[in-house]
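# Coordinate inspection notes
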Amino acid sequence: MKAIVATDQAAEAAGITLAERPEPTPAINDVVVEVHASGFVPAEWEWPSTWVDRAGHDRAQAIIGHEFAGVVTSLGYGTTGLSLGQRVFGITDWHRDGTLAEYAAVEARNLAPLPGNVDFTVGASLPISGLTAWQGLFQHGRLQAGQSVLVHGAAGAVGSVVTQLAREFGAYVIGTGRAADRQAALDFGTNEFLDLATGDLDDIGGVDVVFDVIGADIQRRSASIIRPGGTLVSVVGPVEARPVDGLAVDFVVESVPSQLVEIVDRVRDGRLRTHIGTVATLDDAVPALNPTERRKGKTVIRVRP
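Residues numbered from 1 in each chain as written. Predicted model: local features only at pLDDT ≥ 70, side-chain atom pairs only at ≥ 80, totals over all residues. Heavy atoms only, no water.

An unreviewed UniProt entry lists the protein chain under the name Alcohol dehydrogenase zinc-binding domain-containing protein, with Kutzneria albida DSM 43870 given as the organism.

## Observations concerning the sheet that holds strand β10 (residues 192–195)
Strand order in the open sheet made by the six strands is β10-β9-β8-β11-β12-β13, with parallel pairing throughout. Each edge of the sheet is formed by a strand with only one pairing partner; in this case those strands are β10 and β13 (247–250). When the angles between neighbouring strand axes are averaged without regard to direction, this sheet yields 15 degrees. By the bridge criterion, four bridges tie strand β8 (residues 148–151) to strand β9 (residues 172–177) in an arrangement that is parallel. Bridging from a neighbouring strand, Val151 pairs with Gly175 of β9. Sitting on the sheet, helix α3 (residues 157–168) is in contact with β8, β9 and β11 (207–212), with an inclination near 170 degrees to β8. (Pairing = 2+ DSSP bridges. Helix = DSSP H or I, 4+ residues; strand = E, 2+ residues; numbered from the N terminus. Axes fitted to C-alpha atoms, helices over the stretch in contact; angles between N-to-C directions. Contact = heavy atoms within 4.5 Å.)

## What about the pattern of salt bridges?
This model, assessed by the stated rule, comprises 17 salt bridges. The partner of Lys2 in a salt bridge is Asp283, and the shortest N-O contact between them spans 3.0 Å. Here the residue Lys2 occupies a position in strand β1 (residues 2–6), and Asp283 occupies one in the loop between β14 (276–281) and α7 (285–288), the gap between them amounting to 281 residues. Lys2 sits in the partly exposed class, given a relative accessible area of 30%. Overlapping salt bridges, with partners in common, bring together Glu168, Glu262, Arg266, Asp269 and Arg271 in one network. (Salt bridge = Lys/Arg side-chain N within 4 Å of Asp/Glu carboxyl O. Buried < 20%, exposed > 50% of the residue type's maximum accessible area, 1.4 Å probe, protein only.)

## Comments concerning empty space enclosed by the protein
The final tally for this structure, using the stated rule, is one cavity of 30 Å³ or more. The computed volume of the largest cavity comes to approximately 30 Å³. Surrounding the largest cavity, Thr92, Asp93, Arg96, Ala105, Val106, Glu107 and Asn110 form its lining. Within the lining of the largest cavity, the residues separate by chemical class into two nonpolar, two polar and three charged. (1 Å grid on protein atoms, 1.4 Å probe; cavity = no way out; pocket = protein on both sides within 12 Å on 5 of 7 lines; lining within 4 Å. Points joined across faces, edges and corners; volume = space filled by probe spheres on them. Nonpolar A, V, L, I, M, F, W, Y, C, P; charged D, E, K, R; others polar.)

## Side note on the UniProt feature "domain: Enoyl reductase (ER)" (unreviewed entry) in the protein chain
In the numbering used here, UniProt assigns the feature "domain: Enoyl reductase (ER)" (unreviewed entry) to residues 11–301. Within residues 11–301, the helical portion is 22% and the strand portion 28%, while the C-alpha atoms at the span's ends are 21 Å from each other. (UniProt positions renumbered as here; feature names shortened; annotations may be inferred.)

## Section: the layout of surface pockets
If you roll a probe as big as a water molecule over the atoms, it shows you where there is empty space left. Considered as a void within the structure, the largest pocket measures approximately 1700 Å³ in volume. The wall of the largest pocket is formed by 46 residues, among which Val41, Pro42, Ala43, Val158 and Val213 lie closest to the centre. Contributions of two or more residues to the lining of the largest pocket are made by α2 (127–140), α3 and β15 (298–302). Of the residues assigned to the lining of the largest pocket, the class counts are 24 nonpolar, 12 polar and 10 charged. Residues lining the lining of the largest pocket come from more than one domain, with at least three contributed by each of domain 1 (2–127 + 255–302) and domain 2 (141–250). By volume, the second largest pocket is sized at about 150 Å³. Taken together, Arg54, Ile91, Thr92, Asp93, Trp94, Glu107, Arg109, Asn110, Val253, Glu254 and Ser255 make up the full set of residues lining the second largest pocket. Taken together, the residues of the lining of the second largest pocket sort by class into three nonpolar, three polar and five charged. (Domains from an automatic or database assignment.)

## A few points about the nonpolar core
If you look at the biggest cluster of nonpolar residues, it comprises 43 residues, and the most contacted ones within it are Phe89, Leu114, Leu137, Leu143, Val149, Val162 and Ala166. Residue-level mapping places this core at the junction of two domains, with at least three residues from each of domain 1 (2–127 + 255–302) and domain 2 (141–250). Setting aside anything within four residues of it in sequence, one finds Val162 in contact with Ala133, Leu137, Val151 and Phe211. Core analysis: the next-biggest nonpolar cluster, separate from the first, contains 27 residues, Ala6, Val35, Ala108 and Ile301 among them. (Core = buried A, V, L, I, M, F, W, Y, C linked by side-chain atoms within 4.5 Å.)

## What about the domain arrangement of the protein chain?
Each assigned domain of the protein chain is listed here: domain 1 (2–127 + 255–302) and domain 2 (141–250). Measuring from the centre of the C-alpha atoms in domain 1 to the corresponding centre in domain 2 gives 28 Å. At the junction of the two partners, domain 1 supplies nine residues and domain 2 supplies 14 residues. Both sides together, the interface formed by domain 1 and domain 2 hides about 1000 Å², and carbon and sulfur atoms give 51% of it. When the area that domain 1 buries against domain 2 is broken down by residue, the three leading residues are Arg273, His275 and Arg294, summing to 50%. Between the two partners, domain 1 and domain 2, sit two salt bridges. Seen at the junction of domain 1 and domain 2, the total is six residue pairs in polar contact (both at pLDDT 80 or more). (Buried area = accessible area lost by both parts, 1.4 Å probe. Polar contact = N/O pair within 3.5 Å; in protein donor to acceptor, adjacent residues only side chain to side chain.)

Right under this line is the structure:
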């Protein structure tokens, strides 16, 4: 089968290639999925699991990508809850071969049904962005109606979902980003927008939750405007600056099928839309994952027409 593999950690995206790999076979409690579309997170190059297995051994030419939508083609021994021919979407294990391939082996417990009226491309754009937003806001940020949320990268793949979910649950949303992202952030539902290149975070006043996808100095400055009892939620590694009288949480997204169902239900009824940017075929995935200019939104690779 065709697959996109990582060959050189130092080269990052420049070190990937389209290769032939054996089709996977399902282990106990696995399914094999015929991949129709796969999302990709550029930060994957920074994940240790891309380059080493759980025992610390080097992974040779690991298949990249970990979110997808497709159709179940094979069931492993003991697998329950899914059936052959079923449309599914979800996240694969970080240490296993991923989803930028024609087929992927996945633990059945990591998958949720993909409704027939949700396109595979949309389905593939949802798992990581959607679950990161859901878990960051509700599990870690403990968002309540009437609170205020500062969303960095509000027009991005994650930030746009954070914005929409926060607004749905009754929060006041202040989005940040570049000047060119202003209209997109407002279209996704931010109440206000701050251009980080020209604006001052201190002018915002106090907020209850900060959702940080940037880190570094932006994170340190954001921590200082969190109200007592508020929370700084980070998805970019250990928190360097903590609120004076609040919580700081950094987390790695987990696969929770019940949350995937909540998210895809919102897509079905129009409450939620994802920010899909570049869409390319598997044959064109290498240049699509090596952009020469900044791209907006989620990159999705259509593995099958």
